[in-house]
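Chain by chain, the residues:
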Amino acid sequence: MNRRKSILTAGLATTVSALALTVGAVAVPAQAAPAGAQGTVDCDGWVHNNNPDHGIAGCENNTDHTVTFRAEVVCGWAPDVSGQWVTLAPGQYGESSGVCAIYSTGVGGVGWTIR
């Protein structure tokens, strides 16, 4: 599950995906860039190849200012988890991840929050 989209469409796609995957799951949509900002923050969300309980979000900052983001991992039959906050200067790429509890049914979706 490897998705690529700009910050402008990430909020709607994350919300729709979360509702389709599970009832009661909370996905936090990406927030819009501050007024006057140029470019976008491009993010991908995926499940680790060897661990179905590990969700990862990777973002590239294509704006003219510093942004901070974190992964928001939807876990089946377990509480959702948030990854660590990652700060990116303009032009930088970084990843944030979260691991679902051992009793979950695995990652149901990966989103991100940008601030």
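To be clear, the structure that these remarks concern was listed above.
Since the structure is predicted, the reported quantities are computational estimates derived from the model, not experimental observations.

Peer 1: Sorry if this is basic, but what is going on with the overall build of the protein here?
Peer 2: A count of helices and strands for the protein gives one helix and eight strands. In the protein, the succession of helices and strands from N to C terminus is β-α-β-β-β-β-β-β-β. Relative to its full complement of 115 residues, the protein shows a buried share of 45%. For the protein, contacts bridging at least 24 residues in sequence account for 65% of all contacts bridging at least 6. For the protein, the accessible surface area stands at approximately 6,000 Å², while carbon and sulfur atoms represent 56% of it.

Peer 1: Please clarify how the state of the cysteines should be interpreted in this entry.
Peer 2: What is meant by a disulfide is a covalent connection between two cysteines, made through their sulfur atoms. The full count for this structure, using the stated rule, is two disulfides. Here C43 engages in a disulfide with C59; their sulfurs sit 2.0 Å apart. Its torsion about the S-S bond being 110 degrees, the disulfide of C43 and C59 is classed as right-handed. Remark: C59 occurs in strand 3 (residues 54–61) and C43 occurs in strand 2 (residues 41–47); sequence separation between them is 16 residues. Accessibility expressed as a relative area gives 0% for C43, which makes it buried. Classification of C59 by relative accessible area gives buried; the value is 0%.

Peer 1: I keep staring at the pairing of strand 7 (residues 93–99) and nothing clicks. Help me out?
Peer 2: The side chains of a regular strand alternate between the sheet's two faces. Of the two faces of strand 7, only the one carrying G94, S96 and G98 is buried; Y93, E95, S97 and V99 on the other face are not. Strand direction decides the pairing type here: strand 3 and strand 7, joined by seven bridges, are antiparallel. Bridge pairing links C59 to G94 in strand 7.

Peer 1: In this structure, what is going on with the packing of aromatic side chains? I would like to understand it.
Peer 2: Pairs of aromatic rings are described using the distance from one ring centre to the other and the angle between the two planes. Using the criterion set out here, one finds zero aromatic pairs in the structure. Sitting over the ring of W85, R115 keeps its end group 3.8 Å from the ring centre.

Peer 1: Hey, could you run me through the pattern of salt bridges in this one?
Peer 2: Close approach of charged atoms allows side chains of opposite charge to pair. Inspection of every chain in the model, using the stated rule, returns one salt bridge. The residue R70 makes a salt bridge to E72 at a minimum N-O spacing of 2.9 Å.

Peer 1: Help me understand the environment of D44 in this model?
Peer 2: Looking at the element boundaries, D44 is found in strand 2. The exposure class of D44 is buried, given its relative accessible area of 12%. Remark: the alpha-carbon pair of D44 and G58, spanning 14 residues in sequence, is separated by 5.3 Å.

Peer 1: Sorry if this is basic, but what is going on with the pairing of strand 8 (residues 107–114) here?
Peer 2: Within strand 8, seven of the eight residues are buried, which leaves it mostly tucked inside the rest of the structure. With seven bridges connecting them, strand 4 (residues 67–75) and strand 8 associate as antiparallel partners. Paired with E72 across the bridge in strand 8 is G111.

Cut-offs and rules
Residues numbered from 1 in each chain as written. Predicted model: local features only at pLDDT ≥ 70, side-chain atom pairs only at ≥ 80, totals over all residues. Heavy atoms only, no water. Helix = DSSP H or I, 4+ residues; strand = E, 2+ residues; numbered from the N terminus. Buried < 20%, exposed > 50% of the residue type's maximum accessible area, 1.4 Å probe, protein only. Contact = heavy atoms within 4.5 Å. Areas by Shrake-Rupley, 256 points an atom, 1.4 Å probe, with all protein chains shown as cover. Disulfide = S-S within 2.5 Å. Pairing = 2+ DSSP bridges. Phe/Tyr/Trp six-rings, centres within 6.5 Å; stacked < 30°, edge-to-face > 60°. Lys NZ or Arg CZ within 6 Å of the ring centre and 35° of its normal. Salt bridge = Lys/Arg side-chain N within 4 Å of Asp/Glu carboxyl O.

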